[in-house]
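The residues making up each chain are set out below.
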Amino acid sequence: MAVTDEAITKIKDMIISGELAAGDRLPPEKELSEKLGLSRSSLREAVKALEIIRVLDVRRGDGTYVTSLEPKLLTEAMTFIVDLHQDRSILEIFEVRRILEPAAAAMAAGRITDEQIAQLRATMENIDDSTSVEQLVNHDLVFHGLITAAANNSYLASVLDALSSSTVRARIWRGLTQEKAVDRTLSEHGAIIEALERGDAELAKSLLTVHISGVEHWLRQAL
């Protein structure tokens, strides 16, 4: 693994230095292994590892390319990891969301457009106690995703998107529907929209904090 790690580091250094840019094709395997002073097998393993985390794109019969390196692409591995987490580790994910999402809401309050406000309101349409868990999960993902998108920070949005596991959300919404807490949750969503529409950053931040803390508290009781 040490040799493979060295190969990964050397490819990373080529990208950081600008020798390889997003979208560039890597030199042929033999040429690159000689250039980096590595065996072809260790280079191959490094390429596989970097393909998994979406830094490289191996196109059979065409070559290996550096991906776009966009934040959303690079956090896909985090989404996979979040989906695997169970029980109390989920609470740690909520703690991170409780730190980052209110900050995103405060940023969004000063940047959100009328169109984005309308999109947020549209997510609330036809959502009530009779709505299926699948629809509630979709509403929740879209609702929170729109807020982070309105913050207009691609790195923050990518991290929060990676933490927004549909698997975890489905579990939570099932619990909320059983406890008849859907109306309260939707009411909180409505209040957040109002704060964002008024451009009140502090209120939006506070409401998001309370909203996520409430779900986190429910989850602690349920575990």
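The structure displayed is predicted, hence computed values, not measured ones.

1. Things to note about the overall build of the protein chain
For step 1, the next point in the chain: Check the secondary structure of the protein chain and you find 12 helices and two strands.
For step 2, the next point in the chain: Counting from the amino terminus, the protein chain carries its helices and strands in the arrangement α-α-α-β-β-α-α-α-α-α-α-α-α-α.
For step 3, the next point in the chain: Principal-axis analysis of the C-alpha atoms gives the protein chain an extent of 65 × 40 × 30 Å.
For step 4, the next point in the chain: Across the 223 residues of the protein chain, 40% fall into the buried class.
For step 5, the next point in the chain: Accessible surface, the protein chain: about 12000 Å² in total, of which carbon and sulfur atoms supply 52%.

2. A few points about the layout of surface pockets
Empty space among the atoms can be located by rolling a probe the size of a water molecule over them.
For step 1, the next point in the chain: When its volume is computed, the largest pocket comes out at roughly 360 Å³.
For step 2, the next point in the chain: Looking at the largest pocket, it is lined by 18 residues, and the ones nearest its centre are Glu29, Val47, Val58, Gly63 and Thr64.
For step 3, the next point in the chain: At the level of elements, helix H2 (29-36), helix H3 (40-52), strand S1 (56-59) and strand S2 (63-66) are the ones that each hand at least two residues to the lining of the largest pocket.
For step 4, the next point in the chain: By residue number, the principal contributor to the lining of the largest pocket is H3, which donates five residues.
For step 5, the next point in the chain: When the residues that make up the lining of the largest pocket are grouped by side-chain class, the tally is seven nonpolar, three polar and eight charged.
For step 6, the next point in the chain: Here the second largest pocket defines a volume of roughly 180 Å³.

3. Brief notes about the packing of aromatic side chains
Both the distance between ring centres and the angle between the ring planes are used here to describe each pair of aromatic rings.
For step 1, the next point in the chain: As enumerated under the stated definition, the model contains zero aromatic pairs in all.
For step 2, the next point in the chain: Geometry around Tyr65 places Arg59 over its ring, the cationic atom sitting 3.9 Å from the centre.
For step 3, the next point in the chain: When the ring centre of Phe94 is taken as reference, the NZ or CZ atom of Arg97 above it lies at 5.1 Å.

4. Focus: the pairing of S1
For step 1, the next point in the chain: Residues of S1 alternate between two faces, with Leu56 and Val58 buried on one and Asp57 and Arg59 left unburied on the opposite face.
For step 2, the next point in the chain: Of the pairings in the sheet, the one linking S1 to S2 comprises four bridges and is antiparallel in character. What sits directly across from Arg59, in S2, is Gly63.
For step 3, the next point in the chain: In textbook terms, the turn of a hairpin is the stretch between consecutive antiparallel strands, and for S1 and S2 this stretch comprises three residues, one of which, Gly61, has a positive phi near 80°.

5. Re the packing of helix H1 (residues 2-17) against H2
For step 1, the next point in the chain: In the contact formed by H1 and H2, the axes pass within 11 Å of each other and the chain directions differ by 95°. The angle between the axes of H1 and H2 places the two elements in the roughly perpendicular class. Contacts between H1 and H2 involve Lys10, Ile11 and Met14 on the former and, on the latter, Leu32, Lys35 and Leu36.
For step 2, the next point in the chain: In terms of residue class, the contact of H1 with H2 is made up of four nonpolar, no polar and two charged.

6. Some details on the nonpolar core
For step 1, the next point in the chain: Residues Phe94, Leu120, Ile147, Ile172, Trp173, Leu196 and Leu219 are the most contacted members of the largest nonpolar core, which totals 35 residues.
For step 2, the next point in the chain: Counting residues per element, the ones that place at least two in this core are helix H6 (88-109), helix H7 (114-124), helix H8 (133-150), helix H10 (166-178), helix H11 (182-198) and helix H12 (201-222).
For step 3, the next point in the chain: Sorting elements by how many residues they give to this core places H8 first, with seven residues.
For step 4, the next point in the chain: In terms of nonpolar packing, the next biggest core, distinct from the first, is built from 17 residues, Val47, Val55, Leu56 and Val58 among them.

Rules and cut-offs
Residue numbers restart at each chain and count upward from 1, following the sequence in its written direction. Reporting of local features is limited, given that this is a predicted model, to residues whose pLDDT is at least 70; pairs of side-chain atoms are given and counted only at 80 or more, and all residues count toward the totals for whole chains, interfaces and linings. Values shown for side chains rest on all heavy atoms present in the structure; no hydrogens or waters enter the calculation. Starting at the N terminus, helices and strands are each numbered in turn, a helix being any DSSP run of H or I of at least four residues and a strand any DSSP run of E of at least two. Summary of the burial criterion: residues with accessible area below 20% of their type's maximum are buried, those above 50% are exposed, and those between are partly exposed, where the area comes from a 1.4 Å probe applied to protein chains only. The protein chains shown are the only cover counted for residues, whose accessible areas, like all others here, come from Shrake-Rupley with a 1.4 Å probe. Detection works on a 1 Å grid of protein atoms alone, calling trapped sets that fit a 1.4 Å probe cavities and calling open sets with protein on both sides within 12 Å along at least five of seven lines pockets, with lining residues defined by an atom within 4 Å of a point. Grid points are joined across faces, edges and corners, and a volume is the space filled by probe spheres set on the points. The residue classification treats Ala, Val, Leu, Ile, Met, Phe, Trp, Tyr, Cys and Pro as nonpolar and Asp, Glu, Lys and Arg as charged. All others, Gly included, are polar. For Phe, Tyr and Trp, where Trp contributes only its six-membered ring, two rings pair if their centres lie within 6.5 Å, and the inter-plane angle classes them as stacked under 30 degrees, edge-to-face over 60, or tilted in between. Criterion for a charge above a ring: Lys NZ or Arg CZ within 6 Å of the ring centre, and within 35 degrees of the ring normal. Strands are labelled as partners when DSSP assigns at least two bridges between them. Axis definition: a line fitted to C-alpha atoms, limited for helices to the stretch in contact. Angles are taken between N-to-C directions and run from 0 to 180 degrees. An angle counts as roughly parallel when it lies under 35 degrees, as roughly antiparallel when it exceeds 145, as roughly perpendicular when it falls between 65 and 115, and as oblique in every other case. By the convention used here, residues are in contact when the closest approach between their heavy atoms is within 4.5 Å. Side-chain atoms within 4.5 Å link the members of a nonpolar core, which is a set of buried Ala, Val, Leu, Ile, Met, Phe, Trp, Tyr and Cys residues.

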